[in-house]
Amino acid sequence: MHLRFTDKELATLVEMVSLAANVAMWNRKPGAEEGVAAFEGMEQKVLEKVKHAGQGNLVEFDEAKQVHQVSLAYQEGSFFQECYDEFRNECFWEEMVIRLADRDLAKAIGKPAWEKLTEEQRRERTRDVEKRYWEEFTKKGIDRVAVIHPPGEG
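Rules behind the numbers
- Residues numbered from 1 in each chain as written.
- Predicted model: local features only at pLDDT ≥ 70, side-chain atom pairs only at ≥ 80, totals over all residues.
- Heavy atoms only, no water.
- Helix = DSSP H or I, 4+ residues; strand = E, 2+ residues; numbered from the N terminus.
- Rg over C-alpha atoms; globule rule 2.2 N^0.38 Å.
- Phe/Tyr/Trp six-rings, centres within 6.5 Å; stacked < 30°, edge-to-face > 60°.
- Buried < 20%, exposed > 50% of the residue type's maximum accessible area, 1.4 Å probe, protein only.
- Expected span 1.5 Å × (residues − 1).
- Arc of directions from axis to C-beta.

Re the overall build of the chain
Here comes step 1: Helices and strands together make up the secondary structure of the chain, namely six helices and two strands.
Here comes step 2: Ordered by position from the N terminus, the helices and strands of the chain form the series α-α-β-β-α-α-α-α.
Here comes step 3: For the chain, the C-alpha radius of gyration of 22 Å lies well beyond 15 Å, the compact-globule estimate for 154 residues.
Here comes step 4: Each of the three principal axes of the chain carries a C-alpha extent, and together these read 60 × 35 × 35 Å.

Some words on the packing of aromatic side chains
Here comes step 1: According to the stated counting rule, one finds three aromatic pairs in the structure shown.
Here comes step 2: Look at Phe-92 and Trp-93: their rings are 4.8 Å apart centre to centre, the planes differ by 80°, and that puts the pair in the edge-to-face class.
Here comes step 3: Between the aromatic rings of Trp-93 and Phe-137, the centroid separation amounts to 5.3 Å while the plane-to-plane angle is 40°, which identifies the pairing as tilted. Of this pair, Trp-93 sits in helix 4 (residues 79–109) while Phe-137 sits in helix 6 (residues 119–140), placing them 44 residues apart in sequence.
Here comes step 4: Residue classification places Trp-93 among the buried residues on the basis of a relative accessible area of 17%.

Considerations on unusual backbone geometry
Here comes step 1: Non-glycine residue Gln-66 carries a positive phi angle of around 60°.
Here comes step 2: Its place among the elements puts Gln-66 in the loop between strand 1 (59–62) and strand 2 (67–70).

With respect to helix 2 (residues 33–52)
Here comes step 1: In a regular helix each residue adds 1.5 Å, so 20 residues correspond to 28 Å; helix 2 covers 28 Å between its end C-alpha atoms and thus fits that length.
Here comes step 2: Buried within helix 2 are the following residues: Val-36, Glu-43, Val-46, Leu-47 and Val-50. Considered in projection along helix 2, the buried side chains sweep an arc of 100° and stay on one side of the axis. Exposed and facing more than 90 degrees away from the buried side of helix 2 are Glu-33, Glu-34, Lys-45, Lys-49 and His-52.

Structure follows, in structure tokens:
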């Protein structure tokens, strides 16, 4: 297969592949190594071809790690970096809200009853609590989040 890209399309491809590889590397589940390696391998293949195609402003070679990577100069202000940062931020808040609401529900109805609920049933039952957490975190961020250690643990 032979594909032709404009310089702008090539830059978009670099961003897409690098974004996918950056997200994949967060998968630390047992057995994910093969998939993560495939993403990293594809990223390396694309970045190497792009560099040899004369797009050195997009790609640099890290001698210490022996890998091609999107150049730091290009990364700054790039759309893929913006997407990656926004993805991480949204995942953090979404997970925080859901996990806290699930914790509250499990405390209220008991862990065995909570485990019998489907994800959809949990979300239905925690909708109001999730809304309150969202309102709190939107206004205050993590300023009022604290861990209370039991006596003798901290």
